[in-house]
Amino acid sequence: MKPRDRLRIAMQKSGRLTEPALELLKRCGLTFRQSRDKLFCFGEGEPVDLLLVRDDDIPGLIAQGVCELGIVGRNVLDEFRLTAGRESEPLAELRPLGFGRCRLSIAVPQEFDYSGPAQLAARRIATSYPGLLGAWLREHGVEAGVVTLAGSVEIAPKLGTADAICDLVQSGGTLVANQLREVDVLLESEAVLAGPQNMPADERGDLIALLLKRLDGVIQVRESRLLLLQTPRAALDAVTRLLPGGPQPTLLPVAGQPDQLMLQALCAGEVSWRQLEEIKKAGAREMFVLPVEKMLA
Ligand code: ATP
Ligand code: ZN
């Protein structure tokens, strides 16, 4: 790798991952000046620049050292890891990012009688993920024909070029529209931060460490909720026992009501309606669940 003192992050130029990825980087305190060709965005505050590319190119760009990091679907990263040559720089999934969730699944025509992977023996399966599909078939000891297609995989059974498909599914709407049904999941995917397995031993390594720290803070905050409620002192134990996991709650006196307390608790995840109902039954009232904007422990 050529020594460079600025970090480059590759992300999808236009697609499902673009908006959430930009939003996440913004929350990490990174801002960019968009260049006119819109391929390269210069980082303003920190020495971190953006490369806007097709998502499929991202792992290769990291492996070639054109950029250090990338935001890409686990499906694309894992496919690259399975199909890249041995001489290619090994890549790592540094963090799951919690958006762009989907599954890589096997889907078959409605009338296909599917009871397990063995049913796919000697069939033709169309996919854009021959690496992941091949690994899954081997794992199940199934020999099938893999038909690699760049896109529109879901119409292959109708065209008669495949008996089943292996494709990304989110809501399942595309499958239903093509009279297909999802029968097996190969991979649960989401956007991830991808990077080299061996971190660069110069300033870029320090920048990556700093970015990971901020990212962890942002992800933790994004999933945190602040729970506020009032409870009679007598019900405090019962209420506290029902609180979702998190650090010890803070208790505050309520003016003019010595038998009441105000309780404040940081919760590690969403607080459900059912949990709120139970806390209320235990004696709490005036309950608020608030999103957390920033947090500095
Ligand atoms: P390009 O190659 O031009 O960057 P694309 O068409 O390959 O774009 P998108 O359709 O935007 O890419 O999908 C990008 C990523 O979003 C996928 O690799 C996957 O990780 C994720 N994703 C989430 N839901 C879906 C879905 N229903 N279909 C396809 N991808 C999905
Ligand atoms: Zn793509």
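Residues numbered from 1 in each chain as written. Chains lettered and ligands numbered in written order. Predicted model: local features only at pLDDT ≥ 70, side-chain atom pairs only at ≥ 80, totals over all residues. Heavy atoms only, no water.

K.L.:
What's the story with the overall build of the protein chain in this structure? I'm lost.
P.N.:
Each helix and strand counted, the protein chain has nine helices and 16 strands in total. Relative to its length of 297 residues, the protein chain is extended, with a C-alpha radius of gyration of 24 Å against a globular reference of 19 Å. Principal-axis analysis of the C-alpha atoms places the extent of the protein chain at approximately 75 × 55 × 35 Å. Per-residue burial over the protein chain gives 44% buried out of 297 residues. When the accessible surface of the protein chain is totalled, it reaches about 16,200 Å², and 52% of it is carbon and sulfur. Taking the 35 positively charged and 39 negatively charged side chains of the protein chain as two groups, their mean positions are separated by 4 Å. (Helix = DSSP H or I, 4+ residues; strand = E, 2+ residues; numbered from the N terminus. Rg over C-alpha atoms; globule rule 2.2 N^0.38 Å. Buried < 20%, exposed > 50% of the residue type's maximum accessible area, 1.4 Å probe, protein only. Areas by Shrake-Rupley, 256 points an atom, 1.4 Å probe, with all protein chains shown as cover. Lys, Arg positive; Asp, Glu negative; His and termini not counted. Charge placed at Lys NZ, Arg CZ, Asp CG, Glu CD.)

K.L.:
Can you help me understand the site of ligand 1 in this one?
P.N.:
Around ligand 1, the surrounding shell holds 15 residues, and the nearest of these are Arg16, Arg54, Asp55, Asp56 and Asn75. Taking arginine 54, its side chain carries an N or O atom lying 2.8 Å from an oxygen atom of ligand 1. Here aspartate 55 contributes a side-chain N or O atom positioned 2.9 Å from an oxygen atom of ligand 1. Across the complex, the protein chains shield 76% of the 620 Å² of accessible surface that ligand 1 would expose by itself. Of the residues belonging to the shell around ligand 1, the class tally is four nonpolar, six polar and five charged. Taken domain by domain, the shell around ligand 1 gets at least three of its residues from each of domain 1 (7-100 + 191-221) and domain 2 (102-189). (Near = heavy atom within 4 Å. Polar contact = N/O pair within 3.5 Å; in protein donor to acceptor, adjacent residues only side chain to side chain. Nonpolar A, V, L, I, M, F, W, Y, C, P; charged D, E, K, R; others polar. Domains from an automatic or database assignment.)

K.L.:
Which parts of the structure should I look at to understand the domain arrangement of the protein chain?
P.N.:
Many structure descriptions define interface size as the accessible area lost when the parts assemble. Split into domains, the protein chain comes out as domain 1 (7-100 + 191-221), domain 2 (102-189) and domain 3 (223-291). Taking the mean C-alpha position of each, domain 1 and domain 2 sit 29 Å from one another. Taken together, the contacts link 10 residues of domain 1 with 11 residues of domain 2. In total, domain 1 and domain 2 occlude about 820 Å² of area from one another, counting both sides; carbon and sulfur atoms represent 55% of this. Between the two partners, domain 1 and domain 2, sit zero salt bridges. A per-element tally of the side of domain 1 that touches domain 2 places helix α3 (residues 74-83) first, with seven residues. Taken together, the residues of the side of domain 1 that touches domain 2 sort by class into two nonpolar, four polar and four charged. (Contact = heavy atoms within 4.5 Å. Buried area = accessible area lost by both parts, 1.4 Å probe. Salt bridge = Lys/Arg side-chain N within 4 Å of Asp/Glu carboxyl O.)

K.L.:
Explanation requested: the sheet that holds strand β9 (residues 145-148) in the structure shown.
P.N.:
Paired through their backbone hydrogen bonds, the strands of a sheet run either parallel or antiparallel. The strand order across the open sheet formed by five strands is β9-β8-β10-β7-β11, and the pairing between neighbours is mixed. Only two strands of the sheet have a single partner each, and these edge strands are β9 and β11 (180-189). Direction aside, neighbouring strands of the sheet carry axes that sit 25° apart on average. Direction of pairing for strand β8 (residues 124-127) relative to β9: parallel, over a ladder of four bridges. (Pairing = 2+ DSSP bridges. Axes fitted to C-alpha atoms, helices over the stretch in contact; angles between N-to-C directions.)

K.L.:
Would you mind going over the packing of aromatic side chains with me for this structure?
P.N.:
How two aromatic rings sit relative to each other is given by the distance of their centres and the angle of their planes. Under the definition given, this model contains one aromatic pair. Summarising the aromatic geometry, the rings of phenylalanine 112 and tyrosine 114 are spaced 6.4 Å apart at their centres and angled 50° between planes, so their arrangement reads as tilted. As far as burial versus exposure is concerned, phenylalanine 112 and tyrosine 114 are alike and both buried. (Phe/Tyr/Trp six-rings, centres within 6.5 Å; stacked < 30°, edge-to-face > 60°.)

K.L.:
Before we go on, may I ask you to explain the pairing of strand β5 (residues 69-73) in this structure?
P.N.:
Every regular strand shows the same layout, with side chains that alternate between the two sheet faces. Taken across its five residues, β5 has five buried, putting it largely inside the fold. The pairing of strand β1 (residues 7-12) with β5 spans two bridges and is parallel. In the sheet register, isoleucine 9 faces β5, and the bridge partner there is leucine 69. Bridge count for β5 against strand β12 (residues 191-196) is four bridges, and the pairing is antiparallel.

K.L.:
Quick question: what am I supposed to make of the state of the cysteines here?
P.N.:
Linking two cysteines covalently through their sulfur atoms gives a disulfide. Across all of its chains, the model carries zero disulfides by this definition. Looking at cysteine 102, it has no disulfide partner, and the nearest cysteine sulfur is the one in cysteine 166, 11 Å off. A residue is classified by how much of its surface remains accessible, and cysteine 102, at 14% relative accessible area, is buried. (Disulfide = S-S within 2.5 Å.)

K.L.:
Explain the coordination of the zinc ion (ligand 2) here, please?
P.N.:
Four donors placed tetrahedrally around a metal ideally meet at 109.5 degrees, and six donors placed octahedrally ideally meet at 90 or 180 degrees. For the zinc ion (ligand 2), the full set of protein donor atoms is Asp55 (OD) and Asp56 (OD), and the range of their distances to it is 2.0 to 2.1 Å. Because the angles between the four donor atoms bound to the zinc ion (ligand 2) fall within 74 to 178°, the donor set is best described as irregular. Among the residues examined, aspartate 55 registers a relative accessible area of 19% and is labelled buried. (Donors = N, O, S within 2.8 Å, 3.2 Å for Na, K, Ca; no water. Tetrahedral: all angles 85-135°; square planar, octahedral: opposite > 155°, others 65-115°.)

K.L.:
Would you explain the pattern of salt bridges in this entry?
P.N.:
Should the charged atoms of two oppositely charged side chains come close, the side chains can pair. Tallied over the entire structure, the rule returns 15 salt bridges. A salt bridge links aspartate 163 to arginine 124; the shortest N-O distance between them is 3.3 Å. Of this pair, aspartate 163 sits in the loop between α5 (156-159) and β10 (164-169) while arginine 124 sits in strand β8, and the two are 39 residues apart along the sequence. Counted as one network, the salt bridges with shared partners bring together Arg74, Glu93, Arg101 and Glu190.

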